[in-house]
Amino acid sequence: MFENDVVPELPAVAYGGDTVFVSGGFQAVTFYGLDAASGRIRWATTNLEDNGPTAPVYDDGRVVFNTESCTLFAFDARTGRPRWSHWLGDPLMSQAAAANGRVFSAHPDEDDGGFAMSALSVRTGAVLWRRPLRGD
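Presented here is a report on the structure given in the accompanying data block.

Cut-offs and rules
- Residues numbered from 1 in each chain as written.
- Predicted model: local features only at pLDDT ≥ 70, side-chain atom pairs only at ≥ 80, totals over all residues.
- Heavy atoms only, no water.
- Helix = DSSP H or I, 4+ residues; strand = E, 2+ residues; numbered from the N terminus.
- Buried < 20%, exposed > 50% of the residue type's maximum accessible area, 1.4 Å probe, protein only.
- Contact = heavy atoms within 4.5 Å.
- Pairing = 2+ DSSP bridges.
- Axes fitted to C-alpha atoms, helices over the stretch in contact; angles between N-to-C directions.
- Salt bridge = Lys/Arg side-chain N within 4 Å of Asp/Glu carboxyl O.

1. Description of the side chain of Ser105
Take Ser105: it is sitting in strand β10 (residues 102–109). Relative accessible area serves as the criterion here: at 1%, Ser105 is assigned to the buried category. Other than its neighbours up to four places away in sequence, Ser105 contacts Leu88, Leu92, Ser94, Ala116, Met117 and Ser118.

2. Details of the sheet that holds strand β11 (residues 114–121)
Pairing within the open sheet is antiparallel, and its 4 strands lie in the order β9-β10-β11-β12. Among the strands making up the open sheet, the edge pair consists of β9 (97–99) and β12 (127–133). Averaged over all neighbouring strand pairs, the angle between strand axes comes to 25°, with direction disregarded. Where β11 lies against β12, 6 bridges are found, and the strand directions are antiparallel. Across the sheet, Met117 pairs through a bridge with Arg131, a residue of β12.

3. Points about unusual backbone geometry
Apart from glycine, the bulk of residues carry a negative phi angle, and the bulk of peptide bonds sit in the trans form. Looking along the chain, the bond that leaves Asp90 and enters Pro91 is cis, with omega of -5°. Despite not being glycine, Asp18 shows a phi value in the positive range, around 65°. Along the chain, Asp18 turns up in the loop between β1 (13–16) and β2 (19–23). Overall, the relative accessible area of 48% leaves Asp18 in the partly exposed class.

4. What about the pattern of salt bridges?
As enumerated under the stated definition, the model contains 4 salt bridges in all. A salt bridge links Arg123 to Asp60, with the shortest nitrogen-to-oxygen separation between them at 3.6 Å. Taken together, the residues span a long stretch of sequence, with Arg123 in the loop between β11 and β12 and Asp60 in the loop between β5 (57–59) and β6 (62–66) at a distance of 63 residues. Residue Asp60 is classed as partly exposed on the basis of its relative accessible area, which comes to 41%.

The following block contains the structure:
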């Protein structure tokens, strides 16, 4: 059993460009890029505006993840430099998906109080399309 009956968080990882990407956990504001061969930390962010980075996805030289409190982030996978962020809605409980230069995310739709699905450019964060969803 775990100390004080607290179950540790086991964040999911992504891989790309010889780097493993992992969040610091649900209460954290950190995110890491680890050398896949040695496990050495290549870079770390320690100042995300929101806590709770989700499992990451990798596409087109970017690592993308969202935080529980609303925001989708993209970082340069090699350097860890922030490239863009986009506020999607609160709370943001889903994990993004990415392929072919696009990142997809389901999120609350602040316009009508429902939910929506959006596609953004992995490189720039520009919204390519947004569609309402009938359910959460």
